Amino acid sequence: MTPLDDPALVRVLAADGTLAPTPAAERYLPLIDALTDAELETFYRDMVSIRAFDVQATNLQRQGQLALWPPSFGQEAAQVGSARAARAQDHIFPSYREHVVTRIRGVDPLDIIRLMRGLTHGGWDPTDPKNGNTHIYTLVLGAQTLHATGLGMGLVFDGKCGTGDPERDEAVIVYYGDGASSQGDVHEAMVFAASFQTPEVFFLQNNQWAISVPVATQSRSPLYKRGEGYGIPSTQVDGNDVLASYAVSKLALDEARAGGGPRAIEAMTYRMGAHTTSDDPTKYRTSDEEKAWAGRDPIARMRAFLEARGASRQFFDDADAEGAALADDVRVRTNELGSIPRAHMFESVYSEAHALIQEEQRWLDDYEASMEGGAE
Amino acid sequence: MSENLPISRALNAGLRRALETNDRVLLMGEDIGPLGGVFRVTEGLQKDFGPRRVIDSPLAESGIVGTAIGLAMGGFRPVLEIQFDGFVFPAFDQITSQLAKITNRHEGAVRMPVVIRIPYGGHIGAVEHHQESPEAYFTHTAGLRVVSPSNANDAYWMIQQAIDSPDPVVFLEPKAKYWQKGEVDLEAPALPLHASRVIRRGTDVTLVGHGAMVTTLLQAAALAESEGTSCEVIDLRSLSPVDYGPLLDSVRRTGRMVYAQEAPGFTSLGSEIAATVMEKAFFALEAPVLRVSGFDVPFPPAKLEGTYLPDADRILEAVDRSLAY
């Protein structure tokens with residue numbers, strides 16, 4: 001039995017794009033029926049755009065413009081489905097590959113570029129309303145699951161969930177991967193989340209590989225089953241099916257927001273590219289495996305579904321053009337990025353003045369000034 | 001108005017006042033609720049402020065610190081208790097890689113007003129992992145502030161000042177002194193959080209230390225006086241940043257400094273202070289700055305801690321060496 005044969009798996013679209021719900025998907029069908037044509041088309045456009053961005057960013061890295069790039073190629077459906085299921089008031093904690101999640105929430109993709117170019121350690125302000133309550137990337141695996149849980153505890157303490165008013169209730173969604181699921185912090189986050197009944201969705205993208213280590217080395221049992229051990233209702237979904245990913249996430253977030261406590265989702269997907277531009281997947285996985293997953297491509301699947309519903313050729317061309325425009329814009333703006341002033345290094349280490357930092361900054365200023373003076 | 005309180009009660013009173021004055025302050029840690037913490041510092045607080053303000057957490061140190069980061073993101077001011085010094089290491093990543101760096105990673109947009117209280121140091125004859133001096137790990141990490149009170153008045157005020165800080169503060173409590181009484185002025189804070197303080201005037205040698213070592217330094221100074229040597233004693237109070245002003249003023253008068261600490265000496269706070277004082281007051285020095293510290297071994301079994309920990313005699317031996325230059 002492959003992971004995708006688990007009878008608990010929620011899938012709505014078959015790999016060829018036909019509507020073929022699994023038995024586990026039945027309860028989610030009303031949520032999918034409620035989607036408008038415009039929403040379905042948005043899902044597709046989201047995925048196409050971010051893939052174009054992702055390819056562009058990978059190229060930029062190859063051309064020396066970025067220090068590193070973690071591709072999201074292949075994981076678009078899990079991310080789009082879950083992010084589109086969140087409400088504006090919800091809080092998002094990505095790890096470091098959730099490029100389309102951040103885009104959907106309003107974060108400028110160039111902010112991710114700046115991070116990967118070495119201009120910042122964050123890149124955007126999660127408290128700025130234009131960024132949709134979306135926190136910055138966290139590179140230490142699983143660390144953000146605790147931050148999300150703490151924020152969720154605060155929502156409980158402040159009575160910001162479970163009020164009975166879904167327009168006002170808030171929830172948290174936190175992203176992590178199959179590799180991170182081995183980290184102690186994820187375990188502790190689930191303990192705290194269950195204990196304090198946080199309004200939180202743990203969204204695990206199982207892309208099958210933690211750099212070069214297969215998921216079998218992370219867990220001998222399906223990862224979604226771990227949630228039950230903490231008392232957290234957990235669901236496994238086909239993460240390459242944007243409709244199923246959306247519906248499962250929507251129900252989980254709605255329940256969490258309404259005061260039902262945490263939920264966990266394992267989205268079965270596949271990283272079709274490398275872990276980052278630093279690794280070489282051909283060293284650790286077979287081309288047969290890659291081909292098999294390419295046959296489950298989330299974008300091709302959704303395209304076939306939309307074509308069968310009568311979406312026009314023009315729509316698909318427009319979506320491609322939108323992606324190309326985003327990629328072009330990112331390339332142009334990346335080339336325009338300047339450097340950072342040296343003072344930046346000292347400015348935000350502390351919120352209030354710290355004697356040592358001040359002294360070192362003064363020393364550096366004097367030193368630089370003396371060098372400039374010496375050159376005259 | 002003043003009150004004579006042991007340090008543990010002074011901390012309790014300081015925490016109580018912080019809980020009263022700011023409803024975003026909350027306490028979290030293991031066994032801090034009905035039990036009042038293993039050292040009873042939080043005794044009675046959950047009863048008066050409820051389980052949402054004084055939270056018994058699961059037994060998970062990384063979880064305590066990591067969730068406090070999220071709580072701070074949500075506008076709370078968490079004050080955490082780590083049960084014992086040796087138990088802080090499971091939370092080390094969340095403290096050093098996350099808490100210390102969050103403000104910097106957000107370019108100042110997100111503040112981390114989190115206080116981590118850690119009972120630290122020896123002198124209580126406890127078992128392994130219950131008697132450590134981890135201050136150098138935290139002073140080495142940019143983004144953290146580190147302080148340690150040595151008396152009840154400072155304990156009362158410094159805990160409130162730490163809670164008021166918009167930055168994360170590692171608050172090291174000398175557990176050996178929890179029951180040491182002192183006058184607490186409940187109205188006037190004596191010094192800013194990051195000031196060091198001269199607590200005994202002297203002319204021959206400057207003695208510097210923090211936490212429980214301050215008591216030992218005072219003992220050494222009293223013994224030295226009986227032998228005709230006048231020691232100035234400085235309580236460091238703030239370990240990051242260090243307030244060098246009073247140290248340098250003092251050493252410029254005495255020409256000699258002995259730094260004493262419980263922690264092992266290699267790459268320790270004492271190493272840093274000795275190097276800095278020698279850089280900044282080289283021509284005032286009559287002798288090298290000398291360090292008296294724990295040995296560079298794991299904290300030994302309790303029956304040997306008396307040998308491991310610097311006492312007044314070892315400090316006086318260093319005073320003699322300094323005077324011999």
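Going by the structure above, here's the rest.
Conventions and cut-offs
- Residues numbered from 1 in each chain as written.
- Chains lettered and ligands numbered in written order.
- Predicted model: local features only at pLDDT ≥ 70, side-chain atom pairs only at ≥ 80, totals over all residues.
- Heavy atoms only, no water.
- Helix = DSSP H or I, 4+ residues; strand = E, 2+ residues; numbered from the N terminus.
- Rg over C-alpha atoms; globule rule 2.2 N^0.38 Å.
- Buried < 20%, exposed > 50% of the residue type's maximum accessible area, 1.4 Å probe, protein only.
- Contact = heavy atoms within 4.5 Å.
- Areas by Shrake-Rupley, 256 points an atom, 1.4 Å probe, with all protein chains shown as cover.
- Pairing = 2+ DSSP bridges.
- Axes fitted to C-alpha atoms, helices over the stretch in contact; angles between N-to-C directions.
- Salt bridge = Lys/Arg side-chain N within 4 Å of Asp/Glu carboxyl O.

Engineer: Would you explain the overall build of chain A in this entry?
Structural biologist: Along chain A, the regular secondary structure elements total 14 helices and seven strands. Taking 376 residues into account, the globule formula puts the C-alpha radius of gyration at 21 Å, and chain A, at 22 Å, falls close to it. The burial tally for chain A puts 55% of its 376 residues in the buried class. For chain A, contacts bridging at least 24 residues in sequence account for 74% of all contacts bridging at least 6. Element-wise, carbon and sulfur atoms account for 52% of the exposed surface of chain A, whose accessible area totals about 15,100 Å².

Engineer: I tried to follow the sheet that holds strand 13 (residues 257–264) of chain B on my own but got confused; where do I start?
Structural biologist: By way of backbone hydrogen bonds, the strands of a sheet pair with one another, either parallel or antiparallel. All names here are of chain B. Reading across from one edge, 9-11-10-13-14 is the order of the five strands in this open sheet, with mixed pairing throughout. Of all the strands in the sheet, just strand 9 (197–200) and strand 14 (290–294) have a single pairing partner and so form its edges. Direction aside, the axes of adjacent strands within the sheet are offset by 25° on average. With five bridges joining them, strand 10 (residues 205–209) and strand 11 (residues 231–235) adopt parallel strand pairing. Along strand 11, the bridge assignment pairs Thr206 with Glu232.

Engineer: How should the pairing of strand 2 (residues 25–29) of chain B be read in this particular structure?
Structural biologist: Moving residue by residue along a regular strand, the side chains alternate between the two faces of the sheet. Residues and elements named next belong to chain B. With five of five residues buried, strand 2 is to be regarded as a mostly interior element. Because side chains alternate across strand 2, one face comprises the buried residues Val25, Leu27 and Gly29, and the other comprises Leu26 and Met28, equally buried. As defined by bridge partners, strand 2 adjoins strand 4 (residues 77–81) across five bridges and the pair is classed as parallel. If you follow Met28 over to strand 4, its bridge partner there is Leu80.

Engineer: Is there a simple way to think about the pattern of salt bridges in this case?
Structural biologist: Note on pairing: side chains with opposite charge can pair once their charged atoms come close. All names here are of chain A. Tallied over the entire structure, the rule returns 33 salt bridges over all chains. Measuring nitrogen to oxygen at the nearest pair gives 2.7 Å for the salt bridge that ties Arg263 to Glu255. With relative accessibility at 26%, the residue Glu255 sits in the partly exposed group. Arg285 is paired through a salt bridge with Glu290; the nearest N and O atoms lie 2.8 Å apart. Relative accessible area serves as the criterion here: at 6%, Arg285 is assigned to the buried category. Judged by relative accessible area, which is 24%, Glu290 ranks as partly exposed.

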